[in-house]
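Letter by letter, the chains look like this.
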Amino acid sequence: MATSKIAQHHHCRSCGKAFVGDDAFCSAECGDTNQAVIKRKKKQLLFLYAISFIVLIVAILFMGL
Ligand SMILES: [Zn+2]
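Before going into details, it helps to say that this report is about the structure given with it. Not measured: the values here are computed from a predicted model.

Across its full length, the chain carries 2 helices and 2 strands. The order of helices and strands in the chain, counted from the N terminus, is α-β-β-α. Evaluated residue by residue, the chain yields a buried proportion of 9% over its 65 residues. Expressed as a percentage of contacts within the chain between residues at least 6 apart in sequence, the contacts between residues at least 24 apart total 0%. Summing over all exposed atoms, the chain offers an accessible surface of approximately 5900 Å²; the carbon and sulfur share of this is 67%.

Quick look at the coordination of the zinc ion now. Geometrically, a metal with four donors at the corners of a regular tetrahedron has ideal angles of 109.5 degrees, and one with six donors at the corners of a regular octahedron has ideal angles of 90 or 180 degrees. Those donors, Cys 12 (SG), Cys 15 (SG), Cys 26 (SG) and Cys 30 (SG), are the protein atoms that reach the zinc ion, and they lie 2.3 to 2.4 Å from it. Coordination at the zinc ion is tetrahedral: its 4 donor atoms span angles of 104 to 114 degrees at the metal. In primary-sequence terms, the residues that donate to the zinc ion follow C-x2-C-x10-C-x3-C. With Cys 15 in the loop between β1 (9-11) and β2 (18-20) and Cys 30 in helix α2 (residues 28-64), this pair connects stretches of sequence that are 15 residues apart. By relative accessible area, which is 13% here, Cys 30 ends up buried.

For the rest of this paragraph, the subject is α2. Given a rise of 1.5 Å per residue, 37 residues ought to cover 54 Å, and the 54 Å separating the end C-alpha atoms of α2 matches this to within 8%. By the criterion of burial, α2 is predominantly exposed, with just 3 of the 37 residues buried. Of all the residues in α2, the buried ones are Cys 30, Gly 31 and Asn 34.

It is worth spelling out a nonpolar patch on the surface at this point. Together, Ile 54, Val 58, Phe 62 and Leu 65 make up an exposed nonpolar region whose accessible area comes to about 480 Å². Judged by relative accessible area, Val 58 falls into the partly exposed class, the value being 37%.

Scoring rules and cut-offs
Residues numbered from 1 in each chain as written. Predicted model: local features only at pLDDT ≥ 70, side-chain atom pairs only at ≥ 80, totals over all residues. Heavy atoms only, no water. Helix = DSSP H or I, 4+ residues; strand = E, 2+ residues; numbered from the N terminus. Buried < 20%, exposed > 50% of the residue type's maximum accessible area, 1.4 Å probe, protein only. Contact = heavy atoms within 4.5 Å. Areas by Shrake-Rupley, 256 points an atom, 1.4 Å probe, with all protein chains shown as cover. Donors = N, O, S within 2.8 Å, 3.2 Å for Na, K, Ca; no water. Tetrahedral: all angles 85-135°; square planar, octahedral: opposite > 155°, others 65-115°. Expected span 1.5 Å × (residues − 1). Patch = residues over 30% accessible without salt bridge, like charges linked within 9 Å, V, L, I, M, F, W, Y side chains within 5 Å. Salt bridge = Lys/Arg side-chain N within 4 Å of Asp/Glu carboxyl O.

Below you can see the structure in the form of structure tokens.
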């Protein structure tokens, strides 16, 4: 059946290419690329949190003075 065939394909989480299989990525390279992107995003998020925290501390210190 054509409908079940369409339902069973996945889109690669890295490049968005449609492929058949149980993996989240169409190839190992795409998986590696995605991991690198996730790591970079996590770093950026952590940096953002750190900045927000510093700003908050400074704001509290200024309000306390
Ligand atoms: Zn891919």
